[in-house]
Amino acid sequence: MHLPQPATVAQALQAAGLPWEGLACGIWGRVCDAATLVQAGDRVELYRPLTVDPKVARRTRFASQGARSTGLFAKRRLNSKAGY
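Residues numbered from 1 in each chain as written. Predicted model: local features only at pLDDT ≥ 70, side-chain atom pairs only at ≥ 80, totals over all residues. Heavy atoms only, no water.

(A) Region of interest: the overall build of the protein. Secondary structure summary: the protein contains 2 helices and 5 strands in total. Out of the 84 residues in the protein, the part that is buried amounts to 18%. A fraction of 30% describes how many contacts in the protein between residues 6 or more apart in sequence connect residues 24 or more apart. (Helix = DSSP H or I, 4+ residues; strand = E, 2+ residues; numbered from the N terminus. Buried < 20%, exposed > 50% of the residue type's maximum accessible area, 1.4 Å probe, protein only. Contact = heavy atoms within 4.5 Å.)

(B) The arrangement of the sheet that holds strand 3 (residues 30–32) in detail. In space, the 3 strands of this open sheet follow the order 3-2-5, with antiparallel pairing throughout. Each edge of the open sheet is held by one strand with a lone partner, namely strand 3 and strand 5 (44–47). On average, each strand axis in the sheet is inclined to that of its neighbour by 45 degrees, with strand direction left out of account. Bridging between strand 2 (residues 24–27) and strand 5 involves 4 bridges; their strand directions are antiparallel. (Pairing = 2+ DSSP bridges. Axes fitted to C-alpha atoms, helices over the stretch in contact; angles between N-to-C directions.)

(C) How the structure looks around the side chain of glutamate 45. By secondary structure assignment, the location of glutamate 45 is in strand 5. Among the polar contacts listed, one links the side chain of glutamate 45 to the backbone nitrogen of glycine 29, at a separation of 2.9 Å. The contacts of glutamate 45, once residues within four sequence positions are left out, are Ala24, Cys25, Gly26, Trp28 and Gly29. (Polar contact = N/O pair within 3.5 Å; in protein donor to acceptor, adjacent residues only side chain to side chain.)

(D) The pattern of salt bridges, seen in detail. Following the criterion strictly, the structure yields 1 salt bridge and no others. The salt bridge partner of glutamate 45 is arginine 43, with a shortest N-O separation of 2.7 Å. Overall, glutamate 45 belongs to the buried group, its relative accessible area being 15%. (Salt bridge = Lys/Arg side-chain N within 4 Å of Asp/Glu carboxyl O.)

(E) Structural detail: the environment of proline 19. Structurally, proline 19 can be placed in the loop between helix 1 (9–16) and strand 2. Assessed through its relative accessible area of 63%, proline 19 is described here as exposed.

(F) Examining the nonpolar core more closely. Core analysis: the biggest nonpolar cluster contains 8 residues, these being Val9, Ala10, Leu13, Trp20, Cys25, Ile27, Cys32 and Val38. Secondary structure elements with two or more residues in this core: helix 1 and strand 2. At 3 residues, the largest contribution of residues to this core is made by helix 1. With sequence-adjacent residues up to four places away left out, leucine 13 is seen in contact with Leu18, Trp20, Cys25, Val44 and Leu46. (Core = buried A, V, L, I, M, F, W, Y, C linked by side-chain atoms within 4.5 Å.)

(G) Quick peek at the environment of glycine 29. Considering the arrangement of structural elements, one finds glycine 29 in the loop between strand 2 and strand 3. Classification of glycine 29 by relative accessible area gives exposed; the value is 51%. Once residues within four sequence positions are removed from consideration, glycine 29 is found in contact with Glu45 and Tyr47.

Structure (structure tokens):
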């Protein structure tokens with residue numbers, strides 16, 4: 001997408017047709033204001049709020065999969081020790 005220079009994050013999101021009011025935005029993984037100037041080649045991102053706490057989601061996922069089917073224990077070589 002081409003924007004007239006200088007352009008702000010808000011102008012870039014408006015040109016893309018995205019509803020961004022109330023959402024956090026950033027450039028290349030760093031949160032910034034909507035008034036921040038965009039350079040050529042920047043990746044503008046929108047961050048939505050989390051619906052589930054990541055720690056709780058991981059605990060739930062681990063409990064449903066079991067200790068032997070995740071992480072280091074997912075693939076074991078024949079006749080090897082646990083974790084190898």
